[in-house]
Amino acid sequence: MLLRRPAVKIETERMTLRPPVHADFRDWTALRDASRAFLTPWEPTWSPDHLSRKSFTNRVYWANRSIKGGTAYPLFLIDRSTQRLLGAITLDNVKRGPAQSATLGYWIGAPHARQGFMREAITAVTHYAQKEMDLSRIEAACLPENTASRGALEKCGFKYEGVAQSYLQIAGRWRNHVLYANLRLDRRGRTDVG
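In this text the structure is predicted, and so the values were computed from the model without any measurement. (Residues numbered from 1 in each chain as written. Predicted model: local features only at pLDDT ≥ 70, side-chain atom pairs only at ≥ 80, totals over all residues. Heavy atoms only, no water.)

In this section: the environment of Lys54. For Lys54, the position within the fold is in helix 3 (residues 53-69). Relative accessible area serves as the criterion here: at 62%, Lys54 is assigned to the exposed category. Between the C-alpha atoms of Lys54 and Phe25, which are 29 residues apart in sequence, the distance is 9.9 Å. (Helix = DSSP H or I, 4+ residues; strand = E, 2+ residues; numbered from the N terminus. Buried < 20%, exposed > 50% of the residue type's maximum accessible area, 1.4 Å probe, protein only.)

Okay, the sheet that holds strand 5 (residues 101-108) next. An order of 1-2-3-4-5-6-8-7 is seen for the eight strands of this open sheet, with the pairing classed as mixed. Strands with a single pairing partner mark the edges of an open sheet, and in this sheet they are strand 1 (10-11) and strand 7 (159-170). As paired strands, strand 2 (residues 15-18) and strand 3 (residues 73-79) are joined by four bridges and run antiparallel to one another. In the strand pairing of strand 3, Arg18 is matched with Phe76. (Pairing = 2+ DSSP bridges.)

What follows concerns the pattern of salt bridges. Summed over the entire model, instances satisfying the criterion amount to ten salt bridges. Among the ionic pairs, Asp24 bridges to Arg18, the shortest N-O distance being 2.8 Å. Using a relative accessible area of 8% as the deciding quantity, one classes Asp24 as buried. Between Glu145 and Arg175 there is a salt bridge, and its shortest N-O distance comes to 2.7 Å. (Salt bridge = Lys/Arg side-chain N within 4 Å of Asp/Glu carboxyl O.)

This part covers helix 5 (residues 147-155). Within helix 5 the residues assigned to the buried category are Ser149, Gly151, Ala152 and Leu153. As for helix 5, its buried residues are in contact with strand 5, helix 4 (117-131), strand 6 (137-142) and strand 8 (173-183). Positive backbone phi, at 90°, marks Gly157, one or two positions downstream of helix 5. (Contact = heavy atoms within 4.5 Å.)

Function cannot be read off these values alone, since they describe shape.
Listed below in structure tokens is the structure:
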């Protein structure tokens, strides 16, 4: 018997977090294009067809397959009052078994930055991952100089764990990243010894 995973939809105070659909193409393309200068210093180099309909269609298919397979949960941030796309957040690399962990990635459109939307989304997805999915560890990484991203993670309860050398190719170069994690049962700094 094939298990069907429930559709993922998370409600926050101001947003609905839900998987992308084909009808999001124009909004996604417009926001990504308008935010290009804001986003590209922090992201892998965009392919020449990054903003094409075919590329977006592939993104939607990947999202659906990943959610059905339980390996990733890509979600768009939709402002409930305006129904506008604000950005996206993805719980990726979901590991089961003894690990029970996942990696968090996200972006916010330039017009919506520094308004608390991403903190709200990170908090909601972390809660969903720990309470609904029973994950123990949520990891995130960002460039050391990305103070906005570091601040958002820290305000959401993520703790700094170290530096990963040459972690990802960003803007065409292998870059070190600072690593953060949010643990469901955080025992860091505590010991039963002595």
